[in-house]
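Descriptive analysis of the structure
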Amino acid sequence: MPHVKSFDSVGQARGSVPLARRIRCGGIVTRKEALTRFRHARTGERYEWIARNAWGEGRHRSCGCGPPNGACGSIDENVPQALSGYRPRVAVTASAGYQYTDTNITSGGSSTAIVRTENHGANAPRSAGLTVSQTLFNGQQTANRTRAAESQVSGSREALRVLEQSVLLSAATIYMDYLRDSAIVEVQKSNVRVLEQTLKQTRDRFNVGEVTRTDVAQSEAQLAAGKTQLLTAEANLVTTRANFRRIIGNEPVALAPGSPVDRFLPPTLPSSVELSLIENPNVTASMFGIDVNYLQVKINEGALLPTVTFQASVQQSYEQTISIFRSFGASAIAQLSVPVYQGGAEYSLIRQSKETLAQQRLVLEQTRDQTRANTVTAWGQLEAGKAQVASAQAQVTASEIALNGVREEAKAGQRTMRC
């Protein structure tokens, strides 16, 4: 279960560059992890086959080379960008050139005689310097930016989980659709064979005078209708096969039959709703969005706090003037900057970010409501599907009994074989 935390206090940031690399969206779930996760969630050969092929082909087609993966990679880079605020900045400067100087300097004398000294000539000034600056305190803006970047990466990870579920659901759906359409084709083929046998028997009985021409025509019409249904089922199977190839990437060969997965579901509807509100990636992505907006408020509030910086520099110069051949300088300066009035822009940003935070909280509530509604709808559809399966099985059992009875009555001459 994802752990989502709102940062109610400002402290030392816990982010790191390896974190961004470790949860890079393009490699959140590897092929092996997907197989393991899906195998635990859905046992059976067919689901392992789905995970192996759908993840290898379907995810590559839907995510690996598309915009979502590139978007996740760009979001990951927010973490090292935020962490750069903790590190010093080092700059090396160097200069060289040519200059000509012609000066006339008053260097003494009396009120009646002024002594002037002329100084002229050319030289080649050169210098090299090193400057190191470090931010010591900036109102916890760097710490909050790092946390916000980590929350953005986590949110993008949840968005990728949504895409992952969509790919696997599409694969499982087309898998079961192909099994269904294949079974329908086999049923229609069996139905055609039965109707052909029935037509043959009807014609034989017509030849001996047991039935009329009307019975033969009815059997012929039923056979024609059965062949039409068979052609329709085969056309549907061709369409499903094409979609199977599009989603999975391979042709369906020797697919294992389906089996119920009720044992993996929560036992009751309330527990299903509770689980969906905790683990649904849309919900967790919205929660991470709240963290990001909350931290943005803290970042904007940090702009009102003092800033402390430290700067150290050294410089070596040669021939900066005609009279000075070499000079060396070094300095270390700490600077405190306290914002007093900056036109009110910072306060406006704070109010704006708070409004965005309130909006994101409403989005979270809407997402939870939609997730709850989807869960209840899916649960109702599952219960209805179970009831339909039970009714269909009872109908098949009753139909088999009726068919056997009709056949026995027909053998005894008490009923004709009309459908």
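Above this note sits the structure.
What counts and how
Residues numbered from 1 in each chain as written. Predicted model: local features only at pLDDT ≥ 70, side-chain atom pairs only at ≥ 80, totals over all residues. Heavy atoms only, no water. Helix = DSSP H or I, 4+ residues; strand = E, 2+ residues; numbered from the N terminus. Buried < 20%, exposed > 50% of the residue type's maximum accessible area, 1.4 Å probe, protein only. Contact = heavy atoms within 4.5 Å. Areas by Shrake-Rupley, 256 points an atom, 1.4 Å probe, with all protein chains shown as cover. Salt bridge = Lys/Arg side-chain N within 4 Å of Asp/Glu carboxyl O. Patch = residues over 30% accessible without salt bridge, like charges linked within 9 Å, V, L, I, M, F, W, Y side chains within 5 Å. Pairing = 2+ DSSP bridges. Core = buried A, V, L, I, M, F, W, Y, C linked by side-chain atoms within 4.5 Å. Polar contact = N/O pair within 3.5 Å; in protein donor to acceptor, adjacent residues only side chain to side chain. Phe/Tyr/Trp six-rings, centres within 6.5 Å; stacked < 30°, edge-to-face > 60°. Axes fitted to C-alpha atoms, helices over the stretch in contact; angles between N-to-C directions. Parallel < 35°, antiparallel > 145°, perpendicular 65-115°, else oblique. Nonpolar A, V, L, I, M, F, W, Y, C, P; charged D, E, K, R; others polar.

Considering the overall build of the chain
In terms of regular secondary structure, the chain is built from 10 helices and six strands. The proportion of buried residues among the 419 residues of the chain is 30%. Taking the intrachain contacts of the chain between residues at least 6 apart in sequence as the baseline, contacts between residues at least 24 apart amount to 80%. As presented, the chain carries roughly 25,600 Å² of accessible surface, and 55% of it is formed by carbon and sulfur atoms.

Focus: the pattern of salt bridges
Applying the stated criterion to the full structure yields 14 salt bridges. The partner of Lys 200 in a salt bridge is Asp 204, with the nearest N and O atoms 3.5 Å apart. Of this pair, Lys 200 and Asp 204 both sit in helix α6 (residues 141-207), separated by four residues, roughly a single helical turn. Arg 372 is the salt-bridge partner of Asp 369, the closest N and O atoms lying 3.0 Å from each other. With Asp 369 and Arg 372 both in helix α10 (residues 345-411) and three residues apart, this pair spans about one turn of that helix. Take Asp 369: its relative accessible area is 44%, and that puts it in the partly exposed class.

Considering a nonpolar patch on the surface
A cluster of nonpolar residues, Val 90, Val 92, Leu 130, Val 314 and Phe 328, forms a patch on the protein surface that exposes about 480 Å² of accessible area. Mapped onto the fold, Val 314 is located in strand β5 (residues 307-318). Among the residues examined, Val 314 registers a relative accessible area of 37% and is labelled partly exposed.

Focus: the pairing of strand β6 (residues 326-337)
Among the 12 residues of β6, zero are classified as buried, and the element is accordingly described as predominantly exposed. Strand direction decides the pairing type here: β5 and β6, joined by 12 bridges, are antiparallel. Looking at the pairing, Thr 307 lines up with Ser 337 of β6.

Some points on the nonpolar core
Counting 19 residues, the largest nonpolar core has Tyr 175, Phe 244, Ile 248 and Leu 255 as its most contacted members. Elements with a minimum of two residues in this core: α6 and α7 (213-248). Among the elements that take part in this core, α6 stands out by supplying nine residues, more than any other. If you look at the next biggest cluster of nonpolar residues, it comprises eight residues, including Ala 148, Tyr 294, Leu 295 and Leu 364.

What to know about the side chain of Asn 144
Along the chain, the position of Asn 144 falls in helix α6. Polar side-chain contacts of Asn 144 include one of 3.0 Å to the backbone oxygen of Gln 140.

A word on unusual backbone geometry
Glycine aside, a negative phi is what most residues show, and trans is what most peptide bonds show. With a phi angle near 50 degrees, Ala 254 is a residue other than glycine that sits in the positive phi range. When you line up the elements, Ala 254 lands in the loop between α7 and α8 (269-279). Taking relative accessible area as the criterion, Ala 254 reaches 80% and is therefore assigned exposed. Unusually for a residue other than glycine, Glu 319 sits at a positive phi of about 55 degrees. Inspection of the secondary structure puts Glu 319 in the loop between β5 and β6.

Let's talk about the packing of aromatic side chains
Counted under the stated rule, the structure contains two aromatic pairs. With centroids separated by 5.8 Å and ring planes inclined at 55 degrees, the aromatic side chains of Tyr 178 and Phe 244 adopt a geometry described as tilted. Of the two residues, Tyr 178 sits in helix α6 while Phe 244 sits in helix α7, which places them 66 residues apart along the sequence. The exposure classification of Tyr 178 matches that of Phe 244, with both residues buried. Both rings, one in Tyr 318 and one in Phe 325, keep their centres 6.0 Å apart while their planes meet at 70 degrees; by these two values the pair is edge-to-face. Given the relative accessible area of 55%, Phe 325 is considered exposed.

Quick look at the environment of Ala 148
Its location among the elements puts Ala 148 in helix α6. Sequence separation between Ala 148 and Tyr 294 is 146 residues, and the spatial gap between their C-alpha atoms is 8.5 Å. Not counting residues up to four positions away in its chain, the partners in contact with Ala 148 are Val 292 and Leu 295.

Quick word on the sheet that holds strand β1 (residues 89-96)
The antiparallel open sheet is built from four strands, whose spatial order is β1-β4-β5-β6. Since the sheet does not close on itself, it has two edges, and those belong to β1 and β6, each with one partner. If you compare each strand with its neighbour and ignore which way they point, the axes differ by 10 degrees on average.

Digging into the packing of helix α9 (residues 281-302) against α10
One way to put it is that α9 packs onto α10 with a least axis distance of 9 Å and a crossing angle of 170 degrees. Classified by the angle their axes make, α9 and α10 are roughly antiparallel. Per-class residue counts for the contact of α9 with α10 are 10 nonpolar, 11 polar and four charged.

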